[in-house]
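# A look at the structure
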Amino acid sequence: MSDPLIMQAIARLVPNGARVLDLGCGDGALLAYLQEHNGCTGYGVELDDANVLACAQRGVNVLQLNLDQGLKVFADQSFDVVLQIDTLQHLRNAEVMLRETARVGKIGIVAFPNFGHWFNRLSVLRGRMPVTKRLPYQWYDTPNIRVGTYADFADLARKNQLQVLDSFGLQHGQEVRLLPNLMAGTAVFKLQRR
Amino acid sequence: MQLKRSSPTRYRFFSVIGFFIADMSLIATPQSMSFEAALPLQSGASIRGYSLSYETYGTLNADKSNAVLICHALNASHHVAGVYADQPNNVGWWDNMIGPGKPLDTDRFFVIGVNNLGSCFGSTGPMHTNPDTGRIYGADFPVVTVEDWVNAQARLLDALGIEQLAAVMGGSLGGMQALSWTLQYPERMKHAVVVASAPNLNAENIAFNEVARRAIVTDPDFHNGHFYEHGVVPKRGLRIARMIGHITYLSDDVMNEKFGRELRSAVNSVTGYKYSTQEVEFQIESYLRYQGDKFSEYFDANTYLLITRALDYFDPARAFGGDLSKALERAICKFLLVSFTTDWRFSPARSREIVKGLIDNRRDVSYAEIDAPHGHDAFLLDDERYMNVVRAYFAQIANSLGGAA
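To keep things clear, this report deals only with the structure shown in the data block. (Residues numbered from 1 in each chain as written. Chains lettered and ligands numbered in written order. Predicted model: local features only at pLDDT ≥ 70, side-chain atom pairs only at ≥ 80, totals over all residues. Heavy atoms only, no water.)

### Details of the overall build of chain A
Basically, it comes down to this: Helix and strand definitions here come from DSSP, where helices need a minimum of 4 consecutive H or I residues and strands a minimum of 2 consecutive E residues; each element is numbered from the N-terminal end. Accessibility here uses a 1.4 Å probe with only protein chains present; expressed as a share of the type maximum, an area under 20% marks a residue as buried, one over 50% as exposed, and anything in between as partly exposed. Contacts are residue-level and defined by heavy atoms, with any inter-residue pair within 4.5 Å sufficient. Only the protein chains shown count as cover for residues, with accessible areas throughout obtained via the Shrake-Rupley method and a probe of 1.4 Å. The positive count covers Lys and Arg only, the negative count covers Asp and Glu only, and His and the chain ends enter neither. Where a charge sits is defined by one atom per residue type, namely NZ (Lys), CZ (Arg), CG (Asp) or CD (Glu).
For chain A, the count of helices and strands is seven helices and eight strands. Considering only C-alpha atoms, chain A reaches an extent of 45 × 35 × 30 Å along its principal axes. By residue count, 53% of the 194 residues in chain A fall in the buried class. Considering only intrachain contacts with a sequence separation of at least 6, the fraction spanning at least 24 residues in chain A is 64%. If you sum the accessible surface of chain A, you get close to 9,000 Å²; carbon and sulfur atoms cover 53% of it. A distance of 6 Å separates the average location of the 20 positive side-chain charges in chain A from that of its 18 negative side-chain charges.

### Details of the interface of chain A and chain B
For clarity, the cut-off: Accessible-area loss on putting two parts together, using a 1.4 Å probe and summing over both, is the definition of buried area adopted here. Take a side-chain nitrogen of Lys or Arg and a carboxyl oxygen of Asp or Glu: if they are within 4 Å of each other, that pair is a salt bridge. N or O atoms closer than or at 3.5 Å make up a polar contact, with two conditions inside protein: a donor-capable atom paired with an acceptor-capable one, and, for residues adjacent in sequence, both atoms drawn from side chains.
The partner chain B presents 20 residues to the 21 residues of chain A that form the contact. Of the roughly 1,600 Å² buried between chain A and chain B, counting both surfaces, carbon and sulfur atoms make up 55%. In this structure, the connection of chain A to chain B is made through one salt bridge. Between D49 of chain A and R385 of chain B there is a salt bridge, with the nearest N and O atoms lying 3.5 Å from each other. Across the contact surface, chain A and chain B share eight residue pairs in polar contact (both at pLDDT 80 or more).

### What about the environment of R385 of chain B?
With respect to the helices and strands, the residue R385 of chain B is situated in helix 11 (residues 384-400). In this structure R385 of chain B comes out as partly exposed when scored by relative accessible area, which is 27%. For R385 of chain B, the contacting residues outside a window of four places in its chain are D49 of chain A together with I370, D371 and A372 of chain B. At a separation of 2.8 Å, a polar atom in the side chain of R385 of chain B contacts the side chain of D383 of chain B.

### Re empty space enclosed by the protein
All names here are of chain B. How we decide: Using only the protein atoms, space was sampled on a 1 Å grid; points where a 1.4 Å probe fits but cannot get out form cavities, open sets with protein on both sides within 12 Å along at least five of seven lines form pockets, and lining residues are those with an atom within 4 Å of a point. Grid points are joined across faces, edges and corners, and a volume is the space filled by probe spheres set on the points.
For the structure shown, the criterion picks out one cavity of 30 Å³ or more. If you add up the space inside the largest cavity, you get close to 40 Å³. F208, N209, A212, A241, I244, G245, Y304 and R345 together form the lining of the largest cavity. Mapped by element, the contributors of at least two residues to the lining of the largest cavity are helix 4 (203-217) and helix 5 (235-249).

### Some words on a nonpolar patch on the surface
Residues and elements named next belong to chain A. We apply this condition: The patch calculation keeps residues exceeding 30% relative accessible area without a salt bridge and links them within 9 Å when they carry like charges or within 5 Å when they are nonpolar (Val, Leu, Ile, Met, Phe, Trp, Tyr).
Residues W118, F119, L122, L125, L178, L179, L182 and M183 make up a contiguous nonpolar surface patch of roughly 820 Å² in combined accessible area. Among the elements that make up the nonpolar patch, the one with the highest residue count is helix 5 (residues 118-125) (four residues). Tracing the sequence through the fold places L182 in helix 7 (residues 180-183).

### Details of the packing of helix 4 of chain B against helix 5 of chain B
Residue and element names in this part refer to chain B. Cut-off, in case you're wondering: Only the stretch in contact is used when a helix axis is fitted, and all axes are lines through C-alpha atoms; the angle between N-to-C directions ranges over 0 to 180 degrees. The cut-offs work like this: below 35 degrees is roughly parallel, past 145 is roughly antiparallel, 65 to 115 is roughly perpendicular, and the gaps in between are oblique. For any helix crossing, the convention is left-handed if the near helix is rotated counterclockwise from the far helix by under a right angle, and right-handed if that rotation is clockwise. As a working rule, the residues Ala, Val, Leu, Ile, Met, Phe, Trp, Tyr, Cys and Pro are called nonpolar, Asp, Glu, Lys and Arg charged, and the rest polar, with Gly in that last group.
At a minimum axis separation of 7 Å, helix 4 and helix 5 run at an interaxial angle of 165°. For the element pair helix 4 / helix 5, the angle class is roughly antiparallel. As for how helix 4 packs across helix 5, the hand of that crossing is right-handed. Residues F208, V211, A212, A215 and I216 of helix 4 pack against G237, L238, I240, A241, I244 and T248 of helix 5. Looking at the contact of helix 4 with helix 5 residue by residue, the classes come out as nine nonpolar, two polar and no charged.

Below is the structure:
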């Protein structure tokens with residue numbers, strides 16, 4: 001998710017000077033943006049070799065770790081913000097990682113593709129899994145192994161005693177606050193432990 | 001810890017290529033620096049009147065900010081990169097990593113390779129004369145630690161007029177020295193690059209070292225470490241020590257791929273076996289014997305004991321009740337750590353312990369865990385992902401120097 005509009009929308013949720021852990025940081029663009037514009041410090045976690053290299057080339061701290069093995073190297077509440085931007089849908093242990101995010105960070109920010117978006121619903125209504133710019137994969141080759149909606153995630157947060165500080169949809173980089181589960185391709189939640 | 005050699009033809013091919021490239025670019029010149037003043041050692045002993053062999057590559061910039069120190073592991077020396085003018089096949093042990101245009105680019109950095117005290121490649125070691133007794137040190141060479149080596153290296157930098165290093169880099173035992181630098185001289189360095197290393201050795205690792213040491217010490221030719229005056233070398237012990245070491249530097253997969261159960265020379269029987277318990281039957285036996293023989297020709301037995309002991313003793317967390325995070329509080333530089341997934345001698349889990357300690361102290365650290373098949377030896381080999389990450393890290397350092405070279 002290196003779309004500048006989306007990056008800016010996420011960055012607006014991150015306090016200036018925050019210590020940030022970016023889980024599934026990709027090529028490090030968001031972390032570099034937060035360092036430059038929000039005066040943040042911290043680390044990205046990434047598994048993919050090419051992304052790790054891209055982070056090293058940008059000069060952001062990157063840790064090559066497998067999120068499916070948990071966040072053991074990070075102490076409780078050791079980050080102001082933990083980001084999971086377009087990461088959750090790839091995780092086998094998505095629920096554990098959500099709890100871990102809230103353990104390690106004072107605030108967690110989670111963004112993921114919303115399968116409740118009307119376009120996706122229409123597609124399923126026609127009897128087909130959605131293939132869009134946001135979800136460009138076929139059902140048989142998609143890395144998105146956790147297929148959920150904005151409303152589903154709200155339930156998961158509640159189940160894990162996480163307080164939703166803010167939540168909205170993102171569509172074309174714009175915040176969607178009216179019927180986000182229907183109107184937005186991306187769901188964004190800002191959470192903390194109760 | 002040495003590069004595994006491939007088949008003779010492939011080796012020759014690569015050495016010809018290596019020679020060609022090195023010849024085009026980098027001629028190394030070994031130098032030596034003498035130190036009269038006694039160096040206090042961790043054990044309480046001291047050593048005086050010693051010398052350190054070293055090599056430098058590249059040019060120290062005007063504000064002396066581009067120096068990088070390379071620390072070596074068990075079986076290596078100050079000859080890190082390039083070749084000698086009169087020995088075109090004698091390629092430095094990290095020549096794939098260091099040189100003009102290489103990941104650690106000697107066109108931008110001033111790189112220093114130094115041979116540690118107690119070694120057998122030039123710096124003062126057990127085969128040299130003790131100035132206090134006029135006798136060859138032998139087993140009386142003082143036990144040196146990683147911390148002692150770092151102190152000796154710092155003295156060399158003093159003599160070279162280098163106050164602060166852009167980076168200290170090392171793999172395996174060399175990585176331990178780089179890590180120790182960050183604790184002993186935190187103000188004297190900006191970056192540490194720690195490859196395939198560990199915050200200490202675990203019991204299994206000490207056990208391997210102990211088997212190797214017992215092989216040497218129980219060789220009748222060892223003479224309690226004073227074999228020099230008997231005109232013999234405890235080659236049997238050295239061979240076995242090297243064979244054990246070699247097994248631990250490789251991965252199961254690589255060994256199986258390279259040797260499998262292949263026989264050296266099948267005889268005309270149903271199975272091809274010779275039905276002998278002592279002759280070389282399998283290729284892996286032949287390989288290990290060859291490596292052991294080669295090693296015993298040039299490596300010093302007392303050096304092997306000293307260096308494996310230095311490995312065993314290294315444990316910066318020990319003074320902090322085993323709390324590595326507490327120990328790493330003193331480290332203020334930026335870090336790059338690299339480990340290799342199939343390295344079971346210095347496993348990724350050990351590197352992650354260091355990473356965790358640094359994160360606990362909110363230090364800048366990057367960590368690459370390279371999915372390479374070659375075991376511990378991978379740190380000396382050309383894995384593109386490994387090379388590229390190190391290249392990117394040093395490029396960032398070079399840019400922070402403001403383009404000065």
